[in-house]
Amino acid sequence: MLETPISILATNDACHTRIQALLREKKIVMINMMSGPGAGKTSLLEKLLISLKQKINVGVIEGDLYTAEDAKRLERIAIPVVQINTQGACHLDAFMIEKALEQLPIDELDMIIIENVGNLVCPAEFKIGEHFKMMLSSVTEGNDKPKKYPLMFEVSDAIILSKMDLLPYVPFDALAFRKDIEAIHPGVKLFEVSTLAEKGLIELEAWFLNKLEELRCKEG
Ligand SMILES: Nc1nc2c(ncn2[C@@H]2O[C@H](COP(=O)(O)OP(=O)(O)OP(=O)(O)O)[C@@H](O)[C@H]2O)c(=O)[nH]1
Ligand SMILES: [Mg+2]
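Model, not experiment: these values are computed from the prediction. (Residues numbered from 1 in each chain as written. Chains lettered and ligands numbered in written order. Predicted model: local features only at pLDDT ≥ 70, side-chain atom pairs only at ≥ 80, totals over all residues. Heavy atoms only, no water.)

Caption draft 1: View of the nonpolar core. L49, M111, M134, L204 and F208 are the most contacted members of the largest nonpolar core, which totals 32 residues. Elements with a contribution of two residues or more to this core: β1 (29–35), α2 (41–52), β2 (58–64), α3 (69–75), β4 (111–115), β5 (132–138), β6 (158–162) and α8 (201–219). No other element matches α8, which puts six residues into this core. Beyond its immediate stretch of four places on either side in the chain, F208 contacts I31, M33, L48, L52, M111, I113 and M134. Within the second largest apolar cluster, 22 residues are counted, among which are M30, A100, I114 and V117. (Core = buried A, V, L, I, M, F, W, Y, C linked by side-chain atoms within 4.5 Å. Buried < 20%, exposed > 50% of the residue type's maximum accessible area, 1.4 Å probe, protein only. Helix = DSSP H or I, 4+ residues; strand = E, 2+ residues; numbered from the N terminus. Contact = heavy atoms within 4.5 Å.)

Structure (structure tokens):
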């Protein structure tokens, strides 16, 4: 396996720490949402944020290689959104987030959700100022993903099995999926969600609100 050079990760980590200090001062929780391409990150945010924005002030940082398509989708629900184009890079890094934060109204926000570039490998390696990581894995991708991309499942604080409405139509061994995740990351929170059928969204929203509460209690 090709590994990211330690020096790159070390300078990235220094920037991650700087972002965390800023977020602590502003009492903002930041969540890094990751998945392979097309697992349903933007669709989920479209639904989730309609309800979440009634309760707290949320902003989004959208990561994409070249386009602003996802940011345009989220702008329709009237929340602050900043687009980052990585120009081909397969993940966001802390420096990109630090710059994007300058464009968000951070004095007014409680929570920032980052949609990372669709990729199951590199985003797992880079800390980008977030307090929590979550990932989506859809039933259409197959149940072998935890075994094939273990780091992503290991570093995530919550895992969403998405597109559950399609489960009856695809070969997906849910038992094996859960067992493999348990071996990689014992006890991790697993949500079963269908954005299309609006299943599992209330539990997921509670997780987001709980993480904000948890951080505010911890940091006083
Ligand atoms: N059946 C079904 N389709 C879904 C669901 N959620 C998303 N999709 C579809 O999956 C496709 C990809 O969804 P997106 O939300 O754009 O996925 P994404 O993870 O943001 O994709 P990238 O940003 O390109 O990585 C779209 O055609 C969605 O309509 C779901 O719960 N059920
Ligand atoms: Mg997207």
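Structure's up, so let's keep going.
Caption draft 2: Inspection of the packing of aromatic side chains at higher detail. All told, the structure shown has four aromatic pairs when counted by the stated rule. Ring centres of F132 and W207 lie 6.3 Å apart, and the angle between their planes is 75°; this geometry places the pair in the edge-to-face category. A residue pair is termed long-range when its members are at least 10 positions apart, and F132 in strand β5 and W207 in helix α8 qualify at 75 residues. Among the residues examined, W207 registers a relative accessible area of 7% and is labelled buried. Where F172 meets F177, the ring centres are 5.2 Å apart and the plane angle is 50°; that geometry is what we call tilted. Taking the ring centre of F191 as reference, the NZ or CZ of K189 above it sits at 5.3 Å. (Phe/Tyr/Trp six-rings, centres within 6.5 Å; stacked < 30°, edge-to-face > 60°. Lys NZ or Arg CZ within 6 Å of the ring centre and 35° of its normal.)

Caption draft 3: Structural detail: the coordination of the magnesium ion (ligand 2). Listed as protein donors to the magnesium ion (ligand 2) are T42 (OG1), D70 (OD) and E115 (OE); their distances from the metal cover 2.0 to 2.2 Å. When the donors of the magnesium ion (ligand 2) are listed by position in the chain, the intervening gaps give T-x27-D-x44-E. Pair noted here: T42 is in helix α2 and D70 is in helix α3, with a separation of 28 residues, a long-range link. The exposure class of D70 is buried, given its relative accessible area of 13%. (Donors = N, O, S within 2.8 Å, 3.2 Å for Na, K, Ca; no water.)

Caption draft 4: Inspection of the site of ligand 1 at higher detail. The immediate surroundings of ligand 1 are formed by 18 residues, with K41, T42, S43, D165 and T195 found nearest. Residue S43 places a side-chain N or O atom 2.5 Å away from an oxygen atom belonging to ligand 1. L196 has a polar backbone atom sitting 3.2 Å from an oxygen atom of ligand 1. Contact with the protein chains removes 71% of the 660 Å² of surface that ligand 1 exposes when unbound. Mapped onto the shell around ligand 1, the elements with two or more residues apiece are α2 and α3. Of the residues forming the shell around ligand 1, the biggest block, three residues, is contributed by α2. A breakdown of the residues in the shell around ligand 1 according to their chemical character gives four nonpolar, eight polar and six charged. (Near = heavy atom within 4 Å. Polar contact = N/O pair within 3.5 Å; in protein donor to acceptor, adjacent residues only side chain to side chain. Areas by Shrake-Rupley, 256 points an atom, 1.4 Å probe, with all protein chains shown as cover. Nonpolar A, V, L, I, M, F, W, Y, C, P; charged D, E, K, R; others polar.)

Caption draft 5: Looking closely at the packing of helix α1 (residues 6–26) against helix α4 (residues 94–101). In the contact formed by α1 and α4, the axes pass within 8 Å of each other and the chain directions differ by 30°. Judged on the interaxial angle alone, α4 and α1 are roughly parallel. Crossing hand, α1 versus α4: left-handed. Across the interface between the two elements, T11, N12, C15, H16, R18, I19 and L22 from α1 touch A94, F95, I97, E98 and L101 from α4. The residue makeup of the contact of α1 with α4, split by class, is seven nonpolar, three polar and two charged. (Axes fitted to C-alpha atoms, helices over the stretch in contact; angles between N-to-C directions. Parallel < 35°, antiparallel > 145°, perpendicular 65-115°, else oblique. Left-handed = near helix turned anticlockwise from the far one by under 90°.)

Caption draft 6: Representation of helix α7 (residues 174–184) within the structure. When α7 is considered as a whole, its buried residues turn out to be A174, F177, D180 and I181. Buried residues of α7 fall within an arc of 130° about the axis and therefore sit on the same side. Facing away from the buried surface of α7 by more than 90 degrees, the exposed residues are L175, K179 and A183. Buried residues along α7 sit in contact with β5, α5 (145–148), α6 (150–155), β6 and β7 (189–192). Measuring from the backbone nitrogen of L175 back to the side-chain oxygen at the start of α7 gives 3.2 Å, which picks out D173 as the cap. (Arc of directions from axis to C-beta.)

Caption draft 7: Layout of the sheet that holds β4. Taken in spatial order, the seven strands line up as β3-β2-β4-β1-β5-β6-β7 in an open sheet, and their pairing is parallel. Every other strand in the sheet has two partners, leaving β3 (81–85) and β7 as the edge strands with one partner each. This sheet shows a mean twist of 20° between the axes of neighbouring strands, independent of strand direction. By the bridge criterion, five bridges tie β1 to β5 in an arrangement that is parallel. Looking across to β5, one finds that M33 is bridged to M134. Sheet contacts for α7: β5, β6 and β7; angle to β7, the most-contacted strand, approximately 160°. (Pairing = 2+ DSSP bridges.)

Read these as spatial facts, not as claims about activity.
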